[in-house]
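What follows is the residue order along each chain.
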Amino acid sequence: MGKWSRRAFIGAGVAAGGALVVGVAVRQGNPIDKLSPLLTNGENEQLLNAWVKVDTDNIVTAVIPHVEMGQGVYTALAQMLADEMDADWNKVRILEAPADMQYVSDSIARDFLAPDLQVPAWFEPTVAGGILELAQAMGLQFTGGSYSVRATGQRAMRTAGAAAREMLVAAAASEWQVPASEIATADSMISHAKSGKSEPFAKFALAAAEQSLPAKPKLKSPENYKIMGQPMARHDIPAKVDGSAVFGIDADVPGMKYAAVKAPPVIGATVESMDASTAKTMPGVLQILNMGDFVAVVADGYWQAQQALNSINAQYSKTEADDLDLDAIFARYATSLDEAGEDGGDMQTEAGDVAKSFAGAATKVEAEYKVPFLAHATMEPMNCTAWVRDGKCDVWSGHQAPVNARQTAADAAGLAFEDVTYHNAYLGGGFGRRSTSDYITMATRIASATGYPVKMIWSREEDTAQDHYRPSATSRFRGGLDKDGKAVSWNNIHTHLFDPADAPTIPYYNIASHKIRKVDVPMHLRFGPWRSVDHSQHGFFIESFVDEMADAAGKDGYAFRQELLAESPRHLKVLDTAARMSGWGSALPEKHGRGIAFVPSFGSIVAQVAEVDMSGAKPKVTKVFVAADPGFVINPDGFTAQMESAIVYGLTAALYGEITIKGGSVQQSNFHDYPMLRIDEMPEVEVILINGDHERLGGGGEPGLPPIAPAVTNAIFAATGTRIRELPLSKHSFA
Amino acid sequence: MIKLNVNGQAKEVDADPATPILWVVRENLNMPGTKFGCGIAQCGACTIHLDGQPVRSCSTPISAAEGKSVTTIEGIAGEDGTLHKVQQAWIEAQVPQCGYCQSGQIMSATALLEKNPRPTDAQIDEAMAGNVCRCGMYGRIRTAIKAAAGIEQPAKVEA
Amino acid sequence: MTTVRKLACLSVFLLAACGADPAPGPVEQIIVREPGAAPAVTLATADANADDPASALLAEGKAAFANCSACHSLEKGAPNGAGPNLFGIVGAAAAAVPGFSYSDALKGSGITWTAAELDSFIANPAAKVPGTTMVAGAIADPAKRQAVTAYIESVTAN
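Residues numbered from 1 in each chain as written. Chains lettered and ligands numbered in written order. Predicted model: local features only at pLDDT ≥ 70, side-chain atom pairs only at ≥ 80, totals over all residues.

## Points about the overall build of chain B
Threshold: To qualify as a helix, a DSSP run of H or I must reach at least 4 residues; to qualify as a strand, a run of E must reach at least 2; elements of each kind are numbered from the N terminus. Atoms counted for the radius of gyration: C-alpha only. Globule rule: 2.2 Å times residue count to the power 0.38. Counts of 20 or more other C-beta atoms within 10 Å of a residue's own C-beta define buried residues, counts of 12 or fewer define exposed ones, and intermediate counts define partly exposed ones; C-beta atoms are placed from the backbone.
Counting its regular elements, chain B contains five helices and five strands. Along chain B, helices and strands appear, N-terminal first, in the series β-β-α-β-β-β-α-α-α-α. Taken over the C-alpha trace, chain B has a radius of gyration of 16 Å; the compact-globule value for 159 residues is 15 Å, and the two agree within 12%. In terms of principal-axis extent, the alpha carbons of chain B reach across some 55 × 30 × 25 Å. Out of the 159 residues in chain B, the part that is buried amounts to 63%.

## What about the pairing of strand S25 (residues 604-613) of chain A?
Residue and element names in this part refer to chain A. In plain terms, the rule: Two strands form a pair only when DSSP identifies at least two bridges running between them.
Counted residue by residue, S25 has nine buried out of ten residues, so it is predominantly covered. Alignment of strand S24 (residues 592-601) against S25, held across ten bridges, turns out to be antiparallel. When the sheet's bridge partners are listed, Ala-597 is paired in S25 with Gln-608. With nine bridges joining them, S25 and strand S26 (residues 620-629) adopt antiparallel strand pairing. When the bridges of S26 are listed, Ala-610 appears paired with Val-624. Joining the antiparallel neighbours S25 and S26 is a turn of six residues.

## Some remarks on the sheet that holds strand S29 (residues 684-689) of chain A
Residue and element names in this part refer to chain A. Which entries qualify depends on this criterion: Axis angles are defined between N-to-C directions and span 0 to 180 degrees, where every axis is a line fitted to C-alpha atoms and, for a helix, only to the segment in contact. Placing C-beta atoms from the backbone, we regard two residues as in contact once those atoms come within 7 Å.
Spatial ordering of the open sheet is given by S24-S25-S26-S29, a layout of four strands whose pairing is mixed. The open sheet has two edge strands, S24 and S29, and neither has a second partner. Averaged over all adjacent pairs, the angle separating strand axes in this sheet is 15°, with direction ignored. Relative to S29, S26 runs parallel, the two being bridged by six bridges. Looking at the pairing, Ala-628 lines up with Leu-689 of S29. Each of S26 and S29 is contacted by helix H17 (residues 636-655), which is oriented at about 135° to S29, the strand it contacts most.

## What about the interface of chain A and chain B?
One frequently used descriptor of interface size is the decrease in accessible area upon assembly of the parts. Quick reminder of the rule: Residue polarity follows a fixed list, in which Ala, Val, Leu, Ile, Met, Phe, Trp, Tyr, Cys and Pro are nonpolar, Asp, Glu, Lys and Arg are charged, and the others, Gly among them, are polar.
Taken together, the contact pairs 50 residues of chain A with 46 residues of chain B. At the level of elements, helix H8 (302-310), H17 and S29 of chain A are the ones that each hand at least two residues to the side of chain A that touches chain B. Examining the composition of the side of chain A that touches chain B, we find that eight residues originate from one element, H17(A), more than from any other. Within the side of chain A that touches chain B, the residues separate by chemical class into 27 nonpolar, twelve polar and eleven charged.

## Points about unusual backbone geometry
All names here are of chain A. In this structure, Pro-728 follows Leu-727 across a cis peptide bond, with omega equal to 0°. With respect to the helices and strands, the residue Pro-728 is situated in the segment after helix H18 (708-720). With a phi close to 65°, Ser-188 is a non-glycine residue in the positive phi region. Within the element layout of this structure, Ser-188 appears in the loop between strand S7 (183-186) and strand S8 (189-192).

Encoded structure:
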């Protein structure tokens, strides 16, 4: 087994399939003392392990190490745990894990750091233990990457549920003096048919905690699922219809004051001076702070703080970006791509001899595509409440990585991790924006200066102008077709984006020779993950170019993709399903068009067909047909909602989304100049879900997004013959 | 002191008359269900009713509420706690995702149905286009409004 | 009793390498007053004697215009906001307020803003002028629209 450090041992509480997950067993010698007070309400509750607790009224509480931002993760993960445990769904409660290192998600770290790691089973514990250490170092208790269900759920929640069940059964077997194999569990009850005995889980909770952890709890196979695969109602919804759901912005701390902030319009500049002569005299104002990298006004109320802030005239330092405009940024991209030439840049993937296959191609296709910077525009603007006093710090906010937020606050306050308590609330939209911690740092610094609790709220203008943007990008393609119109050569070079590395690759398309490279272009703006991350750009690039190749081959986009996917039956089924749903090939009214796009991402395979009506002054997307295969769908209604949601997020960007830069500053400020899709533009969305591989689950929050932009632009091409190579569509005139 | 009626209760608030109702409700009256989204009446997250009319409370000064009735998301359920039929329809259709815009969506929808018990699709668009949902739940919002109005809808296609 | 603390100006903001050093504190900290202390400045008194509009209609219009005022000023010479200044709008040609960046749609609309035209535009801007940047602020209630239009007109007349 190797030598275990104490911490690694703690991390190795529950094992399944040779892969370790983070879980803490309630056994002598395990440091549950620290966790118990955080999770339990009193002596009547027992922690079976850190993922689940059973209390005396037989309520099973699933402890979820992820945050709820509308993706339904609380419910889906609880379904996975409850099903394996044979718990009564009506008696399952949900609790978000406290921001503690013992909840860092080993399974996520593992997928980020070593997704293709193949090692012998006996070696797994040490590998996983090592990864756990890394995860802790990285402060990952992270929600993003569409990872929650497929990583934490599949590896940890199910295992924890199964382990808890086996421990309860072992405890009952011991007390009843019967073989464990004769004991059955269902609806949070344990029963023994021969003796007619039947008791609730709670009866054995204490004794179960004394059992040794099963080495490999047996997981159910899909035919035995009772809760997984069902459209269970989301646990968080009732509180979201009566105003009682608490978001970060709703933090209520006695004695709390309010701060409004403004950072220099050019990111990277500093505040050289401020004229606060008017602000000082304004009602409610308590303090005016030049924090060096931003100005803050603290007042009795937020509106008073914002009004006073608006009156401050600040001078900012000069930066190298002061003369930078958007055109110059795209010119830089072009220069970098030109300089990379045929062999420069960083190779991402290569097969065959692209130069040769292109030279020998019967038909050659070339195209360049551009996509803009995008803001996240979460409905809840960035905000954070902090209270720093007596060597301690409390922070209230909504963040996608609570452990990271806690460490960030500790760093900002100059305190140890242990001296910071981080209170996470519902997130009024995450989409990747709340995985960065700038707003946590700012609030903690303000609160350090005041000494009393302060709630910092960004105006919408600040939220728009100081985002960590989705990068803009330029991508160039050269493709070759043989005399039969079959794709034989694929050569792509694009400006460097973010993550994940597989976004520009097309392993599912059978094109013998391909070469994909990237070039780095330095930029003063800050970037962050934006729903579906690089797939949002590459989905558009790749699926537009595939359509252009199809057109050059004289084939329709669906038939051309069918050929490319001929050897991947699981992928092909998804494509075929979307096409069939849409009535592909059937007649449409004049000036209407259909477009298809296919993008596997985050472990899920998604195809979409969009229908557009081009009879008006701007494109109107009337229908979207979605086929998705995430392996196995834990909650069909929740997954469907994620598809609908991702389509709107992606369609909003495709139609309108564009952050522009002038003089180094972002020009957009609010929803009047960074418009959102509204209800009157909502297409009908029809979704069919396919369970293609129950052992390899894919994500749900992001994979619905990448296909929508190319499905729409391909539909526009079908309707009008105009090929869109640059987003957003609002840049183009269709009159 | 500004006197107004909030969710059926008489209130007096000590606030600058120019303060938007939103911040008075959230900070002075400690009712945080009404949300701040944009501050310029573009997103609808702050929608409340002023004498029954939906208004964007981020851009309506408290002086405009003097002597009037303000209704917020906290005030639309029955006195016994029974949810408003719109709230019930919202749960039934599983509308909210992040949930941040939903107070405003529900306030716009209740005002619509109050005035127009059987709205057409176009009337729903008109009444609800001022409310942004960044999670994109517009299809479910439409479904829920129609359900609350008792309008028959085609069954959803099941996978 | 305003306190001003001038602190050493940091030209470079280094991130704390470990938990021991806090992130940079304020370069300048103006403490106007402590929480709970009496306000150091007198609150601006409310304009209690605001002109009473002559009729209930105008009063209603004035109250309803509060929702419009987020984007539109109605004060002569005041700058444009997210929407153009509406002083004198009744009787004017569409897209004619100086300094405001209008949509092509409105520029090409050929509308003259009579009360009736304003009324139908406010009822549903996007339907009246597809492509307008006025995406919010529609007023569905005809009586309320009439009140707002009357109020806008009355301000110009004064």
